[in-house]
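# Geometric and topological summary
Read off the chains here:
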Amino acid sequence: MGALAGQPDQDVMFRMRLLPGQDDIAFSRKVASGDARAFEQFYERFATRLFSIAYRLCGDASLSEDMTQEVFLHLLRKVHLFNGQASLSTWLHRVATNFYISYLRSYQPKKYPHESEESLHKHLDQKSSQQSSTLHHRLDLERALAQLPDGYRTIIVLHDIEGYKHEEIADMLDISPGTSKSQLHHARMKLRSLLQGVEQ
Amino acid sequence: MSEECRHIEPMLSEYADESVSDAQRAQIEAHLEACPACHEILRDLRRLKGELADLPPVRPPADLKRRLQEQALAAGLITKRPPIWQRPATGWVLAAAACLLVTVLLIPGLGPGSTPAPGSTAEMNDIYHDLRNAETLYLNAIDRMDQLAARKMNEMPPQMRQTFETNLALINQTLAESRTYVLENARNPRAWEHLLAAYQKKVEFLSLIMETDLG
């Protein structure tokens, strides 16, 4: 037992941690090493957020499944590059968002089918909705969001849902910050008119 | 829409985001006082912004993880772990023993003579009350998991069952030692932290037993 005290098993030490994100670099290295258990934790920690971004960027459940699958494989190949300058979560979301944007660019010629009502109900997290009126309004908002032209939807998702700044969006989309600002205003106005159409 | 509205309306999003200059703000606010239409647009933009920020996350389908694991395995991005009973027993025994040592002996702040936690008595009482509640919740869950795991182990081949039982005994020993330290150092948050970590470890291990494929 005395010999063990000097070198506690790394896997045990890793799993003893109570707070995820406490040691992002160690965790990312574990994932990059191909450890199946670390991959599961990686998935559990980030899948919902990454799926949500994909779903809202493309407005289609089936396509967002493909995108999420592809982004995880991409992240597994890139996670060794994480250097701890930002949090792992921030770094991953940025890499994933860039990946999604370029994925969707290559998909431009394809027209995404809009979500059916059943599909929207199935994918939205209904636990958090206490009142049906809130749920209906949210469905209207999701539907209106899916109906936006691709460029408008991308700006709204990045700025208003994901919280990126105009400078960051400009960098991701290769546009100027001024264009990002004016596109955001047009996108919000379009969304407003779509919602007014839904509510009338 | 007036000429002034046409000038002001494109700035309303930035105004709602509080990112206009002082001069623009003064200009917009002067216009808003006299223009109900632009005022209504601003109200809608603010509401929309709030609703978008509050949109709840969207759950991925349940089988996405399995499909992704298969793809990652096929691409060589993750390696398949052998089932626990096929791993060298000593590895698990040593891991659990290391867990015991880490929990009980190596953590600074454990043991007699450690520094009491900062904070008022009332605050600390509240914290220890919550920690005791957390322990009770763990115990309730573990009690039910123990029963299910015991049932599962009864269906296992003898060698597999013995491996699980040996490791479970070590984890239980870890828990007993951690519990003793908490009793002796009830006002030491680190002692509680590691007791709860040991409970978490047991939950993980019982889950592993219950999820073991016997096919």
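Residues numbered from 1 in each chain as written. Chains lettered and ligands numbered in written order. Predicted model: local features only at pLDDT ≥ 70, side-chain atom pairs only at ≥ 80, totals over all residues.

## Comments concerning the overall build of chain A
In terms of helices and strands, chain A carries 11 helices and zero strands. Ordered by position from the N terminus, the helices and strands of chain A form the series α-α-α-α-α-α-α-α-α-α-α. Considering chain A as a whole, with its 200 residues, one finds that 32% of them fall into the buried category. (Helix = DSSP H or I, 4+ residues; strand = E, 2+ residues; numbered from the N terminus. Buried ≥ 20, exposed ≤ 12 C-beta atoms within 10 Å, placed from the backbone.)

## Some words on the overall build of chain B
Of regular secondary structure, chain B possesses nine helices and zero strands. Reading chain B from its N end, one meets helices and strands in the order α-α-α-α-α-α-α-α-α. Each of the 215 residues in chain B was classed as buried or not, and the buried ones make up 23%. Contacts in chain B between residues at least 24 apart in sequence constitute 77% of all its contacts with a sequence separation of at least 6. (Contact = placed C-beta atoms within 7 Å.)

## Some words on the confidence of the model for chain A
All names here are of chain A. Looking at chain A as a whole, its pLDDT mean stands at 80, while 74% of the residues score no less than 70. Confidence drops under pLDDT 50 across residues 109-113; counting only partners more than four residues distant or on other chains, this segment forms five contacts. Low pLDDT, under 50, characterises residues 126-130; the stretch is placed with five contacts to residues that sit more than four places away or in other chains. (pLDDT = per-residue confidence, 0-100.)

## Comments concerning the packing of helix 4 (residues 36-58) of chain A against helix 5 (residues 61-78) of chain A
Residue and element names in this part refer to chain A. Running from N to C, helix 4 and helix 5 cross one another at 135°; their axes reach a closest spacing of 8 Å. Here helix 5 runs oblique to helix 4, going by the angle between their axes. The interaxial crossing formed by helix 4 with helix 5 has right-handed handedness. Contacts between helix 4 and helix 5 involve Tyr43, Leu50, Phe51, Ala54, Tyr55 and Cys58 from the former and Ala61, Leu63, Ser64, Met67, Thr68, Val71 and Phe72 from the latter. A per-class count over the contact of helix 4 with helix 5 returns 11 nonpolar, two polar and no charged. (Axes fitted to C-alpha atoms, helices over the stretch in contact; angles between N-to-C directions. Parallel < 35°, antiparallel > 145°, perpendicular 65-115°, else oblique. Left-handed = near helix turned anticlockwise from the far one by under 90°. Nonpolar A, V, L, I, M, F, W, Y, C, P; charged D, E, K, R; others polar.)

## Examining unusual backbone geometry
For Asp174(A), which is not a glycine, the phi torsion comes out positive at approximately 60°. Among the secondary structure elements, Asp174(A) is positioned in the loop between helix 10 (166-173) and helix 11 (177-199). Of note, the phi angle at Glu18(B) is positive, near 60°, even though the residue is not glycine. Among the secondary structure elements, Glu18(B) is positioned in the loop between helix 2 (12-16) and helix 3 (22-34).

## Quick word on the packing of helix 5 of chain A against helix 6 (residues 88-106) of chain A
All names here are of chain A. One way to put it is that helix 5 packs onto helix 6 with a least axis distance of 10 Å and a crossing angle of 130°. Relative to helix 6, the element helix 5 is oriented oblique. The crossing of helix 5 and helix 6 is right-handed. In contact with Met67, Glu70, Val71, His74, Leu75 and Lys78 of helix 5, helix 6 contributes Leu92, Val95, Ala96, Phe99, Tyr100 and Tyr103. Tallied by class, residues from the contact of helix 5 with helix 6 come to nine nonpolar, one polar and two charged.

## Focus on helix 9 (residues 189-211) of chain B
The periodicity of an α-helix, 3.6 residues per turn, causes residues three or four positions apart to be oriented the same way. In a regular helix each residue adds 1.5 Å, so 23 residues correspond to 33 Å; helix 9 of chain B covers 33 Å between its end C-alpha atoms and thus fits that length. Along helix 9 of chain B, the residues classified as buried are Ala191(B), Trp192(B), His194(B), Leu195(B), Ala198(B), Tyr199(B), Lys201(B), Lys202(B), Phe205(B), Leu206(B) and Ile209(B). (Expected span 1.5 Å × (residues − 1).)

## Some remarks on the environment of Val182(B)
All names here are of chain B. Assignment of secondary structure puts Val182 in helix 8 (residues 158-184). Given 22 C-beta atoms within 10 Å, Val182 falls into the buried group. Along the primary structure Val182 and His194 are separated by 12 residues, whereas in three dimensions their C-alpha atoms are 9.1 Å apart. In contact with Val182, other than residues within four places in its own chain, are Ala191, Trp192 and Leu195.

## What about helix 9 (residues 150-161) of chain A?
Residue and element names in this part refer to chain A. Across its 12 residues, helix 9 extends 15 Å between first and last C-alpha, which sits within 8% of the 16 Å expected from 1.5 Å per residue. Among the residues making up helix 9, those that are buried are Arg153, Thr154, Ile155, Ile156, Val157, Leu158, His159 and Asp160. Gly163, located one to two residues past helix 9, shows a positive phi value of around 80°.

## A word on the confidence of the model for chain B
Residues and elements named next belong to chain B. Confidence along chain B averages 81 in pLDDT terms, with 81% of residues attaining 70 or more. Averaged pLDDT values for the elements of chain B fall to 52 in helix 6 (residues 89-104) and rise to 96 in helix 2. pLDDT under 50 marks residues 104-108. Its contacts with residues more than four places away, or in other chains, come to nine contacts. Overall, residues 110-114 carries pLDDT values under 50, and its contacts beyond four positions in sequence, including any with other chains, amount to nine contacts.

## Quick word on the environment of Phe42(A)
When you line up the elements, Phe42(A) lands in helix 4. Linking Phe42(A) and Phe72(A), residues 30 residues apart in sequence, is a C-alpha distance of 9.5 Å.

## Let's talk about the environment of Asp160(A)
Inspection of the secondary structure puts Asp160(A) in helix 9. For Asp160(A), a count of 23 C-beta atoms within 10 Å translates into the label buried. Apart from residues no more than four positions distant in its own chain, Asp160(A) is found in contact with Lys49(B), Leu52(B) and Ala53(B).

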